[in-house]
Amino acid sequence: MRDELLVFSKTAGYRHDSIPAAVTAIGELGFPVYATEDATVFTGDLSRFGAVVFLSTTGRILDGAQRDGLRGYLLGGGGFAAVHSAANTETGWPFFGGLVGAVFAGHPPLQPGRILVADRDHPATAHLEPEWQWTDEWYDFTTNPGGRVRVLLRVDESSYQGGALGADHPIAWCHEYQGVRCFYTSLGHATEAYQAPALREHLRGGITSVLAGRR
């Protein structure tokens, strides 16, 4: 199995201050990591990577050749993980939206809320209790991905102010898209979040799940 990760954190819109801490945290999870914001990496040889992680990326950050390189790598067996504002990335490219599973629509202010673990039979959630108190930006999406993905976490909109998706509000999931193993979590806004053991294990499990089977 190839377990080296390509962690990509380029931004063309809002830039999260937490990106350096997030890159460091992923590197401390036990994976070999190559971190870059140079999109030309996608037109090179990606064969050594078991998965690519789009980490708090935003906006249009790939040109046509770079999109083709990413698509070819993924359709050739690479895994895909996406964190937080990756849902607000390449929104004009349907293939990327399909990988993430949903497109960012907005969020209320950062605040505490209650996460409901929808599926504990997954490496990203097996360490969690049925409910998880957490502070984050509770992302809304343009459509509810629930019918297209395996939902891992939901947020209880009654536990915070400003939710717009409704009683069924997924915030982390996994699925296969055109044969690509995909994991997405909307969590991870704040720098201090990446020191929290629960979030780190969530990321470790999600990334591990997309690496599985890569030969």
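In case you missed it, the structure is sitting above this.
Residues numbered from 1 in each chain as written. Predicted model: local features only at pLDDT ≥ 70, side-chain atom pairs only at ≥ 80, totals over all residues. Heavy atoms only, no water.

Caption draft 1: Molecular detail of the overall build of the chain. Within the chain, the secondary structure is distributed over four helices and 11 strands. Looking at the chain residue by residue over its 215 residues, the buried ones come to 55%. As displayed, the chain offers around 8,500 Å² of accessible surface, 50% of which is attributable to carbon and sulfur atoms. A gap of 7 Å separates the mean positions of the 17 positive and 23 negative side-chain charges of the chain. (Helix = DSSP H or I, 4+ residues; strand = E, 2+ residues; numbered from the N terminus. Buried < 20%, exposed > 50% of the residue type's maximum accessible area, 1.4 Å probe, protein only. Areas by Shrake-Rupley, 256 points an atom, 1.4 Å probe, with all protein chains shown as cover. Lys, Arg positive; Asp, Glu negative; His and termini not counted. Charge placed at Lys NZ, Arg CZ, Asp CG, Glu CD.)

Caption draft 2: Main features of the packing of aromatic side chains. This structure, assessed with the given rule, holds 17 aromatic pairs. Geometrically, the ring pair formed by Trp173 and Tyr184 is tilted, given 5.0 Å between the ring centres and 45 degrees between the ring planes. One end of the pair, Trp173, is in strand E10 (residues 170-177); the other, Tyr184, is in strand E11 (residues 180-185), with 11 residues separating them in the sequence. Just as Trp173 is buried, Tyr184 falls in that class too. A connected cluster of aromatic rings, assembled from ring pairs, spans Phe8, Phe42, Phe54, Phe80, Trp93, Phe95, Phe96 and Tyr177. (Phe/Tyr/Trp six-rings, centres within 6.5 Å; stacked < 30°, edge-to-face > 60°.)

Caption draft 3: Representation of the pattern of salt bridges. Taken as a whole and assessed by the stated rule, the structure comprises 11 salt bridges. Arg48 is the salt-bridge partner of Glu4, the closest N and O atoms lying 3.1 Å from each other. Of the two residues, Glu4 is situated in strand E1 (residues 4-8) and Arg48 in the loop between strand E2 (33-36) and strand E3 (49-55); the sequence distance between them amounts to 44 residues. A relative accessible area of 18% means that Glu4 is categorised as buried. You can call Arg48 partly exposed: its relative accessible area is 40%. Note that Glu90 and Arg60 form a salt bridge whose closest N and O atoms lie 3.5 Å from each other. (Salt bridge = Lys/Arg side-chain N within 4 Å of Asp/Glu carboxyl O.)

Caption draft 4: Quick look at the sheet that holds E3. The nine strands lie next to each other as E2-E1-E3-E4-E11-E10-E9-E6-E7, forming an open sheet whose pairing is mixed. This sheet does not close on itself; its edge strands, each paired only once, are E2 and strand E7 (131-136). Adjacent strand axes in the sheet meet at a mean angle of 20 degrees when their direction is disregarded. Contacting E1, E2 and E3, helix H1 (residues 19-27) runs over the sheet at an angle of about 155 degrees to E3. (Pairing = 2+ DSSP bridges. Axes fitted to C-alpha atoms, helices over the stretch in contact; angles between N-to-C directions. Contact = heavy atoms within 4.5 Å.)

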